[in-house]
Amino acid sequence: MTNVQGQPQTAGAKADFDAVIIGAGFSGMYMLHSLRDKLDLNVTVFEAGDGVGGTWYWNRYPGARCDSDSYIYCYTFDKNLLQEWNWSERYPEQDEILRYLEHCAERFDLKPDIQFGKRVVEVVFDDDTELWTVRTDKGDAVRARFVIPAVGALSTANMPPIKGLSSFKGKCYHTSQWPHDGVDFTAKRVGIIGTGATAVQAIPEIAQQAKHLTVFQRTPNFCVPARNGRVDPEVTKARKADYDGVRQRIKDSFFGFELNFIPKAVLETTPEEREQEFDKMWDAGGFAFWLANYQDMFFSKEANDVIADYLKRKIRSVVNDPVTAEKLTPKTYPYGTKRQPLDTNYFETFNKKNVALVDASTDGPIEEITPNGIRAGGKEYPLDIIVIATGFDAMTGPLKNLGINGRDGRALAQEWEDGPQTYLGLAIAGYPNLFTITGPQSPSVLSNMPVSIEQHVEWITECIAHMRRNKLTTIEASPQAQDEWGAHVAEVVNSTLMPGTNSWYMGANIEGKPRRFLPYLGPEGVGGYRRKCAEVAEKGYEGFVFTSQGQGGTVHTIAAE
Ligand code: NA7
């Protein structure tokens, strides 16, 4: 075990590692590769699972697949990897993505530096040594100069606080903690709680196997067809030949996809003109309808209503029973302000004889889980299996759970009681040398994740390289820069329709969670955010404060100009 290479040390203080990374999903794996293989740092990764993959290790429910097109839902930093890997479908299934990440782990020889089956329970900064101590549930305690939680934005399960949950005598599974050997629904009466993106994928699959499926819906969703399938080999060939172009376009884009808003207001179009555009996006499938629609969609309720009306007509045209169709039609929030689920036969599934819908607002909400099933609206629904598809304590949950204590013993979980405070969604004032990957107040979940992950990993790597070149010991966001960033994040989103909706973006899915917009919806999207982060670095890390330690442990503070 070595000390931090090239760094002056406080007398007697020895780091076991230059950096500890928490999590071995998309972000932790690339972070390890970057720090170890580009900067030659001594790094370890703690991963709670027994394998790599993060999201794709845990979420194994039926129908689990990615909603981004596979050719851009992957690492793009290695040109050979891009050429050698072949995806089987437009949206790969969970097991295929996991195979891809396993392949990357082998290809870059990552596993020797990942400690599996170890959950980090405490991360504490020592003001004297300026090192972090990271502890795991298996008794490890290691000291490191840098700590990088790469814990994902959607990794802390939201177990709904429904009375009687533990009394249920049948089997009960949260979709993000799915048994590795699967669940057999044959001849079973199944209930599923939730109708978010996860449930929209799972419901059609479970309905094919189960004897009967009851869907417990709290809020209906606007769904758009995924239109999954094999990709034309000629299209794949052309994309592979143009990966430099693809990479540049997704890096500069608004959401990390090759999608751009129509530079026109829907309210300025004729009904015929917009219907044609809507049909095109509908037929294309995927996120086009959400992220390449008319540019006033997120800003004007009137514009949004016109667009939402198209989707409502689609629901009514697919679902045979008009009462069920009405229950499945969203009426309480503008389209696009909750995460867009992509579906394959979702609405069609409600035409099946073995599928029933229990809607909270018309049939009555879930009251309790009984030993035999679920009671809602005064009626008990007998069940053998309950699937809990209630999502996550998004973005802040995974970080608050790590037991992070920064300077002067300040506790992150307490400091974030009223919502996250960060600078660029990358760093937190009072928590030196701790970087978050796709953390709150960064574009993160509002983008095609690998694009944002690569940007953060590369920025952090360059920042640490800068510190080593300049013999700097710590970097920390200034409270002022952090406040300004928080105000900017709020200001930008307040000009949109997003804050009015009860979404997990707003923390509204978790009882008692403060109502704050969690990601960053920058005016120029991920491209503009990337430029902002690059500019901060070019200006000598504007908004950050560095320290360096001279002879005898004297601390010099260096503020960026
Ligand atoms: P989501 O999108 O948060 O969906 C969770 C669903 O569960 C949603 O329909 C919720 O209704 C419902 N829910 C949550 N809590 C309860 C309780 N207590 N009672 C009844 N119903 C409840 O999670 P997903 O896993 O589908 O997707 C998360 C992200 O993963 C997704 O956006 C992608 O980015 C990948 P609500 O709408 O809150 O009324």
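Residues numbered from 1 in each chain as written. Predicted model: local features only at pLDDT ≥ 70, side-chain atom pairs only at ≥ 80, totals over all residues. Heavy atoms only, no water.

A. Focus on unusual backbone geometry. Here asparagine 345, not a glycine, exhibits a phi torsion of approximately 65°, which is positive. Here asparagine 345 lies in the loop between strand 11 (342-343) and helix 12 (346-349). The phi angle at lysine 471 is positive, at roughly 50°, despite the residue not being glycine. Its location among the elements puts lysine 471 in the loop between helix 16 (449-469) and strand 18 (474-477). (Helix = DSSP H or I, 4+ residues; strand = E, 2+ residues; numbered from the N terminus.)

B. Layout of the pairing of strand 9 (residues 212-217). When you tally the buried positions in strand 9, you get five out of six residues, the bulk of the element. Bridge analysis of strand 8 (residues 189-193) against strand 9 gives five bridges, and the strand direction is parallel. From the neighbouring strand, isoleucine 193 faces strand 9, where its bridge partner is phenylalanine 216. Note on the crossover from strand 8 through helix 5 (residues 197-209) to strand 9: the handedness is right-handed. Relative to strand 12 (residues 355-359), strand 9 is paired through five bridges, and the arrangement is parallel. The residue bridging glutamine 217 from the neighbouring strand is aspartate 359, located in strand 12. (Buried < 20%, exposed > 50% of the residue type's maximum accessible area, 1.4 Å probe, protein only. Pairing = 2+ DSSP bridges. Right-handed = clockwise from strand over helix to strand, strands pointing away.)

C. Representation of the sheet that holds strand 15 (residues 379-382) within the structure. One open sheet holds the three strands; their spatial order is 13-14-15, and the pairing between them is antiparallel. Of all the strands in the sheet, just strand 13 (366-370) and strand 15 have a single pairing partner and so form its edges. The sheet shows a mean angle of 25° between the axes of neighbouring strands, direction not considered. (Axes fitted to C-alpha atoms, helices over the stretch in contact; angles between N-to-C directions.)

D. Just the side chain of aspartate 140, in detail. Relative to the assigned elements, aspartate 140 resides in the loop between strand 5 (131-136) and strand 6 (141-149). A polar contact is formed between the side chain of aspartate 140 and the side chain of lysine 118, at a distance of 3.0 Å. Reaching out from aspartate 140, the side chain makes a polar contact with the side chain of threonine 136 at a distance of 2.6 Å. Not counting the four nearest positions on each side in its chain, aspartate 140 is found in contact with Phe46, Gln115, Lys118, Val134 and Arg135. (Polar contact = N/O pair within 3.5 Å; in protein donor to acceptor, adjacent residues only side chain to side chain. Contact = heavy atoms within 4.5 Å.)

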